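Residue-level listing of the chains:
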Amino acid sequence: MKLEPFAMERMQSTYENQVEFNLSESGVHPLTLGELLDDEASREALAGERLRYTQSNGTIALRSAIAALYSGATPEHVQVTNGGSEANYITTWNLVEPDDEVAMMVPNYMQTWGLARAFGATVREWPLVSEGSRWRIDADRLADIVSSRTKLIVICNPNNPTGARIDAADLDRIVAVAARHGSWILSDEIYCGAELDGRETPTIWGRYDRALVTSGLSKAYGLPGLRIGWVIGPPELISSLWSYHDYTTIAPGALSDALARRALEPPRRARILARTRGILNHNLPIIAEWLDAHGGLFSYAPPDAGAIVYARYHHPINSTQLVTRLRREKSVLVVPGDHFGMDGYLRLGFGDEPTYLRAGLDRLAELIADLGLRSQDRESTGDPQSAARNP
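These lines cover the structure that appears in this document, whether it is placed above or below. (Residues numbered from 1 in each chain as written. Predicted model: local features only at pLDDT ≥ 70, side-chain atom pairs only at ≥ 80, totals over all residues. Heavy atoms only, no water.)

Bringing the pattern of salt bridges into the picture now. Summed over the entire model, instances satisfying the criterion amount to 22 salt bridges. Of the charged contacts in the structure, one is a salt bridge between Asp 197 and Arg 199, with a shortest N-O distance of 3.7 Å. A residue is classified by how much of its surface remains accessible, and Arg 199, at 48% relative accessible area, is partly exposed. Put simply, Arg 268 and Glu 265 hold a salt bridge, and the shortest N to O gap is 2.5 Å. Arg 268 gets classed as buried once you look at its relative accessible area, which sits at 11%. Because the salt bridges share partners, they merge into one network encompassing Asp 38, Asp 39, Arg 262, Glu 265 and Arg 268. (Salt bridge = Lys/Arg side-chain N within 4 Å of Asp/Glu carboxyl O. Buried < 20%, exposed > 50% of the residue type's maximum accessible area, 1.4 Å probe, protein only.)

Here it is as structure tokens:
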């Protein structure tokens, strides 16, 4: 098996600690340990944790807390992993075999795209459709793509990088397509809880007996350093995933398991997610005002969830070239559309502190001025699915 380079992760891990302004992240400004352990009793309890091997699929207490987020789930429906990335990895590794087909929503976090290809599958891309102020699915197009060879349908809800939320009716349409062929559905729901309007994104869980959910504490919770993720699925498959987990990281860290249990206590979870929504609703107008100030250079659909704007720029410069110059000349890191297979876009993260965000955007404005970028006629740039500007 040979893995292709994971372009976005390799770029971020190489440069995110070298630049002055990192606007490539899709989560909110992380919580501190002190904010999570905000009383003496909790600090003493953590200090008393033994640095042992934990229950390798997650402690019963943690799996119970996670299961409580999904109607009808029990601890036997939960496999705890080291981050959402491991959850996606072991699930794809378990299900996908040579000569399978995988239908993948695009744009998307490209981990499962690279994994499926490495495991010998053919990936058939299923594009979201831009309709001015929103992105939507095309269920008819999915039906054309999925066949008896389709082992897995991969979706991301809310979507990375667009921030679009898939509603319940559209999830049911996806399920109907999968059920006709017995395909599994893998729904990456790691941005659930980061909805700007506070309205919970519907889950694929409970809609289909071959539905799997991956998620974790990195994005909506502002706790990426804990590296806690999970898979929710049928107990028989979860048991099999546990065996695959034995070959990867074996167990979550004891301190991470303990801190995750604390974060998921219902009152504290509610406060954490309220903090996230507060950051998003404060910062989205900042980046919206900045984008609008550049006339017709940018267009975008406002995100429903997540600290990301997927902005189309209307100028004939390659997105990787633009991002490279931004990093080298202005010490700012953003994600090029090339990393999602869509040149001409930038994914801009807006989840950090407002002063930091404004300063990073000012540096991007300097590069735009230095390069003399200005809006081009959209027909001349070949932009058939340009997202509309914000309201």
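Now that the structure is up, let's keep going.
Turning next to the packing of helix H11 (residues 266–292) against helix H13 (residues 354–371). Between two packed helices, what matters for the description is the angle formed by their axes and the separation of those axes. Axis separation between H11 and H13 bottoms out at 11 Å; the angle between their running directions is 15°. Taken together, the axes of H11 and H13 are roughly parallel relative to one another. The two elements H11 and H13 meet at a crossing, and its hand is right-handed. In contact with His 282, Asn 283, Ile 286, Ile 287 and Trp 290 of H11, H13 contributes Pro 354, Leu 357, Arg 358, Leu 361, Asp 362, Leu 364, Ala 365 and Ile 368. Taken together, the residues of the contact of H11 with H13 break down into nine nonpolar, two polar and two charged. (Axes fitted to C-alpha atoms, helices over the stretch in contact; angles between N-to-C directions. Helix = DSSP H or I, 4+ residues; strand = E, 2+ residues; numbered from the N terminus. Parallel < 35°, antiparallel > 145°, perpendicular 65-115°, else oblique. Left-handed = near helix turned anticlockwise from the far one by under 90°. Contact = heavy atoms within 4.5 Å. Nonpolar A, V, L, I, M, F, W, Y, C, P; charged D, E, K, R; others polar.)

A few words now on the packing of aromatic side chains. Here the structure, examined in full by the defined rule, presents ten aromatic pairs. Aromatic pair Tyr 310 and Phe 340: ring centres 5.7 Å apart, planes at 85°, arrangement edge-to-face. With Tyr 310 in strand S12 (residues 308–313) and Phe 340 in the loop between strand S14 (335–336) and strand S15 (345–349), the pair connects residues that are 30 residues apart, well separated along the chain. Residues Tyr 310 and Phe 340 agree in their burial class; the two are buried. Through a chain of ring-to-ring contacts, the aromatic side chains of Tyr 89, Trp 93, Phe 119 and Tyr 244 assemble into a single cluster. (Phe/Tyr/Trp six-rings, centres within 6.5 Å; stacked < 30°, edge-to-face > 60°.)

This part takes up unusual backbone geometry. Here the amide bond leading from Asn 157 into Pro 158 is cis, since omega sits at -5°, within 30 degrees of zero. One can find Pro 158 in the loop between strand S7 (150–156) and helix H8 (168–181). Of note, the amide linkage connecting Asn 160 to Pro 161 takes the cis form, showing an omega dihedral of 25°. Residue position: Pro 161 is located in the loop between S7 and H8. Positive phi outside glycine occurs at Arg 227, with the angle close to 55°. Of note in the backbone geometry, Ile 250 takes a positive phi value of approximately 70° without being a glycine. Structurally, Ile 250 can be placed in the loop between helix H9 (235–245) and helix H10 (254–263). Judged by its relative accessible area of 42%, Ile 250 falls in the partly exposed class.

Let us now look at empty space enclosed by the protein. All told, the structure shown has two cavities of 30 Å³ or more when counted by the stated rule. Within this model, the largest cavity holds a volume of roughly 70 Å³. Contributing to the lining of the largest cavity are Met 105, Leu 128, Arg 134, Trp 135, Arg 136, Ile 137, Asn 159, Ala 164, Arg 165, Ile 166, Asp 167 and Asp 170. Ranked by residue count, the leading element in the lining of the largest cavity is strand S6 (residues 134–136), at three residues. Across the lining of the largest cavity, the residue classes break down as six nonpolar, one polar and five charged. (1 Å grid on protein atoms, 1.4 Å probe; cavity = no way out; pocket = protein on both sides within 12 Å on 5 of 7 lines; lining within 4 Å. Points joined across faces, edges and corners; volume = space filled by probe spheres on them.)

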